[in-house]
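Remarks on the overall topology
Single-letter residue listing:
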Amino acid sequence: MGRQGNNSFIVHIRPRQIKAGTLRFRVTFCLGGFSFLAFIILTITGILLMFYYQPGEKAFASLSEIDSALPYGGFIRSLHFWAGQMMVFSVFLHMVRVVWSRAYRPLRELNWVTGVVLFVLTVVLDYSGYLLRGGQESGAASSVGQTLLKTLPGGHGLATVFFGQSSPLNGSTLNIFVWHVFILAGIAGFLQMFHFWRIRKDGGVRPL
Ligand code: HEM
């Protein structure tokens, strides 16, 4: 391995040159970075919660147990909840910043579209997390979501795919659980990597 071989990984993840001025805080307000930080906290606390959370009929009871009987359980659950709220807020503000600095224009339009999908995913992740509580409010929120979805063309099918067929066995939290922890979170993780790669490809952050 030559000189390049040893360093190529570092060189790959960290470019040696970036445009002067794009590191200044008021260019990005680090809002994309805060969004990603929230996602990392959500992934770690989410994995920890998965060890004890029970999707289905026992969802509500298992969360009460996490809160009261598990060391640091309530803390980890709160961290997951607040990181979720922080992510929705910072992704929204990041989007506003992108509009303000007109970074949606060519050649960054693909990353803008990727961002729009990430925004929708972030909101749906927050919503589906709320449903996973399995309490009465979750039932009400699920009814509102299903009613809204069914107003769309093909919405009845979509509602069945997302919310599942209610059965005495799993209520409907099992379906939402699979969407929340595997499908939606997985796609969001993958798209963020794509988003970061595109920033590099598009020549870095657009200077003001
Ligand atoms: C999971 C959500 C997201 C994460 C983690 C994320 C992360 C980032 C990061 C770290 C940057 C570098 C500059 C900065 O921090 O502002 C960036 C840039 C960018 N993001 Fe996002 N982003 C997300 C969602 C979005 C959304 C919702 C949009 C718009 C709809 C968007 C559009 C863009 C564009 C166009 C750029 C390039 C900005 C420029 O060149 O100035 N992103 N993103």
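Above this text you will find the structure in question.
First, a word on scope: everything that follows refers to the structure included in this document. Bear in mind that the values here come from a model prediction, so they are computed numbers and not experimental data.

1. Side note on the layout of surface pockets
Computed from the structure, the largest pocket encloses a volume of approximately 1,500 Å³. Lining the largest pocket are 45 residues, and of these His195, Phe196, Ile199, Arg200 and Val205 sit closest to its centre. Here the lining of the largest pocket takes 8 residues from helix H9 (residues 173-201), the largest share from any one element. Class assignment of the residues belonging to the lining of the largest pocket gives a composition of 22 nonpolar, 15 polar and 8 charged. What lines the second largest pocket is a set of 30 residues, and nearest its centre among them are Leu42, Leu49, His80, Gly129 and His180. Within the residue set of the lining of the second largest pocket, elements represented by two or more residues are helix H3 (31-50), helix H4 (59-69), helix H5 (73-100), helix H6 (109-131) and H9. If you tally residues by element for the lining of the second largest pocket, the top one is H5, at 8 residues. When the residues that make up the lining of the second largest pocket are grouped by side-chain class, the tally is 16 nonpolar, 10 polar and 4 charged.

2. Description of the coordination of the iron atom of the ligand
In the first shell of the iron atom of the ligand, the protein supplies His94 (NE2) and His195 (NE2), at 2.1 Å from the metal. The exposure class assigned to His94 is buried, which follows from its relative accessible area of 19%. On the basis of relative accessibility, which here comes to 13%, the residue His195 falls in the buried class.

3. Observations regarding the pattern of salt bridges
Inspection of every chain in the model, using the stated rule, returns 2 salt bridges. One salt bridge connects Asp67 with Arg77, and the closest N-O pair in it is separated by 2.6 Å. Taken together, the positions of Asp67 in helix H4 and Arg77 in helix H5 put the pair 10 residues apart, joining distant regions of the chain. Residue Asp67 is classed as partly exposed on the basis of its relative accessible area of 38%. According to the relative accessible area criterion, Arg77 is partly exposed, its value standing at 21%. Asp202 is paired through a salt bridge with Arg198; the nearest N and O atoms lie 2.7 Å apart. A single burial state applies to Asp202 and to Arg198, both of which are buried.

4. With respect to a nonpolar patch on the surface
Residues Phe25, Phe29, Phe34, Leu37, Met86, Trp100 and Leu208 make up a contiguous nonpolar surface patch of roughly 700 Å² in combined accessible area. Those elements that place two or more of their residues in the nonpolar patch are H3 and H5. Here Trp100 is to be found in helix H5.

Parameters and conventions
- Residues numbered from 1 in each chain as written.
- Predicted model: local features only at pLDDT ≥ 70, side-chain atom pairs only at ≥ 80, totals over all residues.
- Heavy atoms only, no water.
- 1 Å grid on protein atoms, 1.4 Å probe; cavity = no way out; pocket = protein on both sides within 12 Å on 5 of 7 lines; lining within 4 Å.
- Points joined across faces, edges and corners; volume = space filled by probe spheres on them.
- Helix = DSSP H or I, 4+ residues; strand = E, 2+ residues; numbered from the N terminus.
- Nonpolar A, V, L, I, M, F, W, Y, C, P; charged D, E, K, R; others polar.
- Donors = N, O, S within 2.8 Å, 3.2 Å for Na, K, Ca; no water.
- Buried < 20%, exposed > 50% of the residue type's maximum accessible area, 1.4 Å probe, protein only.
- Salt bridge = Lys/Arg side-chain N within 4 Å of Asp/Glu carboxyl O.
- Patch = residues over 30% accessible without salt bridge, like charges linked within 9 Å, V, L, I, M, F, W, Y side chains within 5 Å.
- Areas by Shrake-Rupley, 256 points an atom, 1.4 Å probe, with all protein chains shown as cover.

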